[in-house]
Amino acid sequence: MKKLKEFVIESLIFLSGIAAIIFVFLIFLFLLKEGFALFRTVTIFEFLGGKNWYPISEPPHFGILPLILGSILVTLGATLISVPIGISSAIYIAEVTHPRIKELLKVIIELLAAIPSVVLGFIGMVTLAPLIKSIFNLPTGLTALSGSVMLAFMAMPTIVSIAEDALYAVPKSYKEGAIALGATHWQTIYRVIVPAASSGILASIMLGIGRVIGETMAVMMITGNAARIPQSILQPVRTLTATIAAEMGETVVGSEHYFALFAIGIVLFLISLAINVTADLFLHRKR
Amino acid sequence: MNPRKTEKFAFSVLFLTTLLVVIPVGLVVAIIVKKGLPAISWEFLTSVPRSGMKAGGIFPAIVGTLLLVMGAIVFSLPIGVFSAIYLSEYSRDNFLTRMIKLAIVNLAGVPSVVYGLFGLALFVVFLRFGASIISGSLTLGIMVLPLIITASREAMESVPQLFREVSLSLGLTKWQTIRRIVLPNALPGILTGTILGIGRAAGETAPILFTVAAFYLPRLPRSIFDQAMALPYHLYVISTQVPGVDEKIRYGTALVLLILVLVVNLFAIFIRINLRRRKKW
């Protein structure tokens, strides 16, 4: 009886153990199931390379190039802002500051990670967008730039905490060796510690980018939602994620538009898969 | 420049960039608290929205969010803890384990709106649950699973091997050892992961957009197969979809959501700090 009970429990444990694999597989399966139907009527090239996203015009156009470019533009902007600032604060937190202040800074950054994206989107709408509108004298503040700034802010917790972990994990003997040879603390940081932590820092950047590409609500609320090929960072754009979130509510299950939004989901899923697998390789690279 | 001066300069730059990250966090919280606080009243928290959400309170949205979060945790906590038990107590260093860990990383990285699509395809359409609390809870539950697994696994792995050996040598079975020795010692860590999962599930909007959320439903849900309002979606709706909602109501809603999420997270941080102080080994 006891044996049987243990057997049942251990089977449950094993089943839960592989649950993560099952769910990743299920997610991909259901995205494919609903998204692949689009390619009965639209070719993959028309879908990925088409310049027009007019899902409800007659005939509809399902070209997601403007959305891909929108996502790339916003992500690029966010990366350019968040990487230098994020890495440098990670260095400050890991190496320079006093241990007590370090704890406090880490708590603040954790709280930033906890703020819901819809709250940040709302705050961006009422503070950041008007600011950008008046600085650049634009007709609207809901632009790619506003999205980039907001997303840079949202990527900070990912970049800072993972880079900080990587810097902190550098063996103390490296640092002691450099200091013993007469290097200053700063020379030790940028000649020894940062290079030694480089694969972890790279992983932090990749995961930060992953966070930015996948972000939905804030970006939908402050980038202006114009599905056109962007000409400048001061124009409204539409990202892949925002398109799904904004349009799915109005589609009919089983329509071409519904399939097309799932096909965008496949694209996003594959991007996040590629980013996470690569980042994981960097994180587990043997030193 | 001499090395000492370079160092001073470099450290000041590092300090300034850190301020650039930290100060906006304070500003965001301060603005929402300052502008949202006047909206908060007993009536705002406990009455239903009226006149197309331009007046009244947010009670159904609060209840909806609490139900969704509860459902998500009921689903993901057992699976998450069992999965962590597998990884920490049973798995060997082989291909399967490597794949499980990679799957967890990927699950954590899937964009939230893709979870929404998945929930729509599987729970709403395929399993015919419709847009309902159960569809939303299950979607959110899968989304917070990696958080719970990772935190629980770390907590279990930090229980010293010696504890297990003593227990096994006293004749307890492996499962008894896990239940009586490993789990109790890992409890604070599991709790922290669960609380972080609660915070995450409470704040997410994209996964519930098409799986549960009701635009305007000024009553409480009747069953788990009913639609419901939810705080994050409500904030999205009143700040972008409905023109002319009083700013006070928007800030008030944002504040309630923010307080809910921050209190939950501070609680988790508190448990963790306490745990580090009291560690017996």
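Residues numbered from 1 in each chain as written. Chains lettered and ligands numbered in written order. Predicted model: local features only at pLDDT ≥ 70, side-chain atom pairs only at ≥ 80, totals over all residues.

What follows covers the overall build of chain A. Across its full length, chain A carries 13 helices and two strands. Reported as C-alpha extents along the three principal axes, the dimensions of chain A are approximately 75 × 75 × 30 Å. Counting over 287 residues, chain A shows a buried share of 49%. Considering only intrachain contacts with a sequence separation of at least 6, the fraction spanning at least 24 residues in chain A is 72%. (Helix = DSSP H or I, 4+ residues; strand = E, 2+ residues; numbered from the N terminus. Buried ≥ 20, exposed ≤ 12 C-beta atoms within 10 Å, placed from the backbone. Contact = placed C-beta atoms within 7 Å.)

When helices and strands are tallied, chain B shows eleven helices and two strands. Helices and strands in chain B line up, N terminus first, as α-α-β-β-α-α-α-α-α-α-α-α-α. Among the 281 residues that make up chain B, the fraction classed as buried is 50%. A separation threshold of at least 6 residues defines the contact pool for chain B, and within that pool the share at least 24 residues apart is 77%.

On to the interface of chain A and chain B, then. Tallying the contact residues gives 73 residues for chain A and 72 residues for chain B. Here the side of chain A that touches chain B takes eleven residues from helix 2 (residues 19-35) of chain A, the largest share from any one element. For the side of chain A that touches chain B, the class distribution of residues is 50 nonpolar, 17 polar and six charged. (Nonpolar A, V, L, I, M, F, W, Y, C, P; charged D, E, K, R; others polar.)

Turning our eyes to something else, we now look at unusual backbone geometry. Cis geometry is adopted by the peptide bond preceding Pro59(A), which originates at Glu58(A) and carries an omega value of 0°. The topology assignment puts Pro59(A) in the loop between strand 1 (53-54) and strand 2 (61-62). With a phi close to 60°, Arg128(B) is a non-glycine residue in the positive phi region. Locating Arg128(B) in the fold gives a position in the loop between helix 5 (112-126) and helix 6 (133-157).

Of all hydrophobic cores here, the largest spans 183 residues; its most connected members are Ala20(A), Val119(A), Leu68(B) and Ala230(B). Beyond its immediate sequence surroundings of up to four residues, Leu68(B) is in contact with Ile133(B), Gly136(B), Ser137(B), Leu140(B), Ala201(B), Ile208(B), Val212(B) and Ala230(B). (Core = buried A, V, L, I, M, F, W, Y, C linked by C-beta atoms within 7 Å.)

We now examine the environment of Ser158(B). Residue and element names in this part refer to chain B. Among the structural elements, serine 158 can be located in the loop between helix 6 and helix 7 (161-169). Among the residues examined, serine 158 registers 14 C-beta atoms within 10 Å and is labelled partly exposed. For the pair formed by serine 158 and glycine 189, sequence separation is 31 residues and the distance between their alpha carbons is 9.7 Å.

Let's shift gears to the environment of Pro171(A). Relative to the helices and strands, Pro171(A) is located in the loop between helix 7 (144-168) and helix 8 (172-180). Along the backbone, Pro171(A) and Ile193(A) are 22 residues apart, and their C-alpha atoms lie at a distance of 8.9 Å.

Another point: the packing of helix 6 (residues 117-136) of chain A against helix 10 (residues 231-241) of chain B. The angle between the axes and the distance between the axes are what describe a pair of packed helices. The interhelical angle for the contact between helix 6 of chain A and helix 10 of chain B, taken along N-to-C directions, is 20°, at an axis separation of 9 Å. Classified by the interaxial angle, the pair formed by helix 6 of chain A and helix 10 of chain B is roughly parallel. Taken as a pair, helix 6 of chain A and helix 10 of chain B cross one another with a handedness that is left-handed. Touching Val118(A), Val119(A), Phe122(A) and Met125(A) of helix 6 of chain A are Pro232(B), Leu235(B), Tyr236(B) and Ser239(B), all from helix 10 of chain B. Partitioning the contact of helix 6 of chain A with helix 10 of chain B into residue classes produces seven nonpolar, one polar and no charged. (Axes fitted to C-alpha atoms, helices over the stretch in contact; angles between N-to-C directions. Parallel < 35°, antiparallel > 145°, perpendicular 65-115°, else oblique. Left-handed = near helix turned anticlockwise from the far one by under 90°.)

We now examine the confidence of the model for chain B. Residue and element names in this part refer to chain B. For chain B, the average pLDDT comes to 91, and 99% of its residues sit at 70 or higher. Across chain B, the secondary-structure element scoring lowest on mean pLDDT is strand 2 (residues 55-56), at 82, and the one scoring highest is helix 5, at 96. As a predicted assembly, this complex carries a pTM of 0.93 together with an ipTM value of 0.92. (pLDDT = per-residue confidence, 0-100.)

Residue and element names in this part refer to chain B. Running from N to C, helix 3 (residues 59-90) and helix 6 cross one another at 35°; their axes reach a closest spacing of 6 Å. The way helix 3 lies across helix 6 gives a crossing that is right-handed. For the contact of helix 3 with helix 6, the class distribution of residues is 19 nonpolar, nine polar and three charged.

Taken residue by residue, chain A gives an average pLDDT of 92. The fraction at 70 or more is 99%. Within chain A, the lowest mean pLDDT, 90, falls on helix 1 (residues 2-17) of chain A, and the highest, 96, falls on helix 2 of chain A.

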